Amino acid sequence: MSSIQTVGIIGSGTMGNGIAQACATQGIRVVMVDIAQAAVDKGLATIAGSLDRLIKKEKISAADKDAALGLIQGSTNYDDLKGAQLVIEAATENEGLKVKILQQLDGLLAPDVIVATNTSSISITKLAAATQRPDRFIGMHFFNPVPMMALVEIIRGLQTSDATHDAVKALAEKLGKTPITVKNAPGFVVNRILVPMINEAFFVLAEGLATPEDIDAGMKLGTNQPIGPLALADMIGLDVCLAVMNVYMAEYNDSKYRPAPLLKEMVAAGWLGRKTGRGVFTY
């Protein structure tokens, strides 16, 4: 399998433009595709702004910025993806939409092109089965913000070949990331451990064991995490945390994944965290 020189990215939102930036700053050509030109332009502007901040911090030079932007082609046309050796789907977290995109790619891309998805919750095995290249399909779960976060979860579906896994792992390392290899299962590794921990913090809060501030201080200082679980829930969105717990409950059918009643209650109140100005904390 030839090494990956050009990466196609579908979606120019937060994850898509972050992945594009991570590739371009390491000298990899990028074709970033979205449905509307306005979305593509916004994605490119976000990357330029992010690189400007790195110049201010003296992490990169102005010449580095120009070189990176020169490697990124924004487009609204799927045909422009034909030169890529890897295409990463980073569209909205909606299974029907992802399947539609993947089937569109099948007809377009040469048979040896690898297709990856940046899903954080949809089964890689199930998505692979919807394509005509299940052995060349894989999950690449980047973390937000992509340029800063070192981790990539590489998720193998039941059908993913060793060659596909090795090529994608090598690319992740070339991007300066640390990949971990994971078998397909709801939540993969990080969110499978993280979201139930957040959920447990809501049980602890509901039982009145400590104030929200003290719960978060305890976890920050006692387990060396940069942010406490309740503040993190507010950042992620309480509705998102609840949705993830509901998926685990349905998929594993194990009562240890039951969502905390307080979490459900706060979502019902519309207290979803930072995005609504109020969650566990007020913003």
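Scoring rules and cut-offs
Throughout, residues of each chain are indexed from 1 in the direction in which the sequence is written. At least 70 in pLDDT is required for a residue's local features to be given in this predicted model, at least 80 for side-chain atom pairs to be given and counted, and no such filter applies to totals for whole chains, interfaces and linings, which use all residues. Each side-chain value is derived from all of the structure's non-hydrogen atoms; neither hydrogens nor water enter the calculation. UniProt positions are given in the numbering used here, feature names are shortened, and annotations may be inferred rather than shown by experiment. Whenever Lys or Arg places a side-chain nitrogen within 4 Å of a carboxyl oxygen from Asp or Glu, that contact is recorded as a salt bridge. For helices the rule is a DSSP run of H or I covering at least 4 residues; for strands it is a run of E covering at least 2, with both sets numbered from the N terminus onward. Each residue is assigned to one of three classes by its accessible area relative to the maximum for its type, calculated with a 1.4 Å probe on protein chains only: buried under 20%, partly exposed between the two thresholds, exposed over 50%. Note on aromatic pairs: the rings of Phe, Tyr and Trp (six-membered ring only in Trp) are paired at centre separations within 6.5 Å, and the planes decide the class, stacked below 30 degrees, edge-to-face beyond 60, tilted for the rest. Definition used: whenever NZ (Lys) or CZ (Arg) falls within 6 Å of the ring centre and also within 35 degrees of the ring normal, the charge is taken to sit over that ring. The nonpolar core is taken to be a set of buried Ala, Val, Leu, Ile, Met, Phe, Trp, Tyr and Cys residues, with the residues joined through side-chain atoms within 4.5 Å. We call two residues contacting when some pair of their heavy atoms lies within 4.5 Å. Pairs of strands are assigned from DSSP output, requiring at least two bridges between the strands. To define axes, lines are fitted to C-alpha atoms, for helices over the stretch in contact only, and angles between the resulting N-to-C directions are given on a 0 to 180 degree scale.

The name an unreviewed UniProt entry assigns to the protein chain is 3-hydroxybutyryl-CoA dehydrogenase, from the organism Hydrogenophaga palleronii. Quoted verbatim from the Sequence similarities (unreviewed entry) field of UniProt, the annotation for the protein chain is "Belongs to the 3-hydroxyacyl-CoA dehydrogenase family."

Draft legend 1. View of the pattern of salt bridges. Under the definition given, this model contains 9 salt bridges. We note a salt bridge from D52 to K65, for which the minimum N-O separation is 2.8 Å. You can see D52 sitting in helix 2 (residues 37-56) and its partner K65 sitting in helix 3 (residues 62-70), a full 13 residues away along the chain. Owing to a relative accessible area of 34%, D52 belongs among the partly exposed residues under this scheme. For K65, a relative accessible area of 16% corresponds to the buried category.

Draft legend 2. Structural detail: the packing of aromatic side chains. Counted by the stated rule, this structure contains 3 aromatic pairs. Between Y248 and Y252 the ring centres are 6.3 Å apart and the planes differ by 65°, which places this aromatic pair in the edge-to-face class. Note that Y248 and Y252 are positioned in helix 10 (residues 238-252) at a spacing of 4 residues, about one turn of the helix. Aromatic pair Y248 and Y257: ring centres 5.7 Å apart, planes at 70°, arrangement edge-to-face. Y257 sits in the buried class, given a relative accessible area of 4%. Aromatic rings pair up to connect Y248, Y252 and Y257 into one cluster. A cation over a ring is seen here: R278 above W271, with NZ or CZ 3.5 Å from the ring centre.

Draft legend 3. Representation of the UniProt feature "domain: 3-hydroxyacyl-CoA dehydrogenase NAD binding" (unreviewed entry) in the protein chain. Here, UniProt's "domain: 3-hydroxyacyl-CoA dehydrogenase NAD binding" (unreviewed entry) annotation points to residues 6-184. From the first C-alpha to the last, residues 6-184 spans 26 Å; its make-up is 41% helix and 22% strand.

Draft legend 4. Up close: the nonpolar core. V7, I19, L86, I88, M140, F142 and L171 are the most contacted members of the largest nonpolar core, which has 33 residues in total. Here the element with the most residues in this core is helix 1 (residues 14-24); it accounts for 6 residues. With sequence-adjacent residues up to four places away left out, L171 is seen in contact with I4, V7, I28, L86 and M140. Core analysis: the second largest hydrophobic core is formed by 23 residues, V31, L102, L105 and I124 among them.

Draft legend 5. Expanded view of the sheet that holds strand 6 (residues 137-142). Judged by pairing direction, the sheet is mixed, and its 8 strands sit side by side in the order 3-2-1-4-5-6-7-8 without closing on themselves. The open sheet has two edge strands with one neighbour each: strand 3 (72-75) and strand 8 (178-183). If you compare each strand with its neighbour and ignore which way they point, the axes differ by 25° on average.

Draft legend 6. Fine view of the environment of G273. Summarising the element assignment, G273 is placed in the segment after helix 11 (261-268). By relative accessible area, which is 0% here, G273 ends up buried. Separated by 42 residues in sequence, G273 and A231 have C-alpha atoms that sit 8.4 Å apart.

Draft legend 7. Broad picture of unusual backbone geometry. Residue P145 is reached from N144 by a cis peptide bond, and omega for that bond is -5°. Along the chain, the position of P145 falls in the loop between strand 6 and strand 7 (151-156). Its identity as a non-glycine residue notwithstanding, N224 has a phi of 60°, on the positive side. Inspection of the secondary structure puts N224 in the loop between helix 8 (212-223) and helix 9 (229-236). Non-glycine residue N253 carries a positive phi angle of around 50°. Tracing the chain through its elements places N253 in the loop between helix 10 and helix 11.

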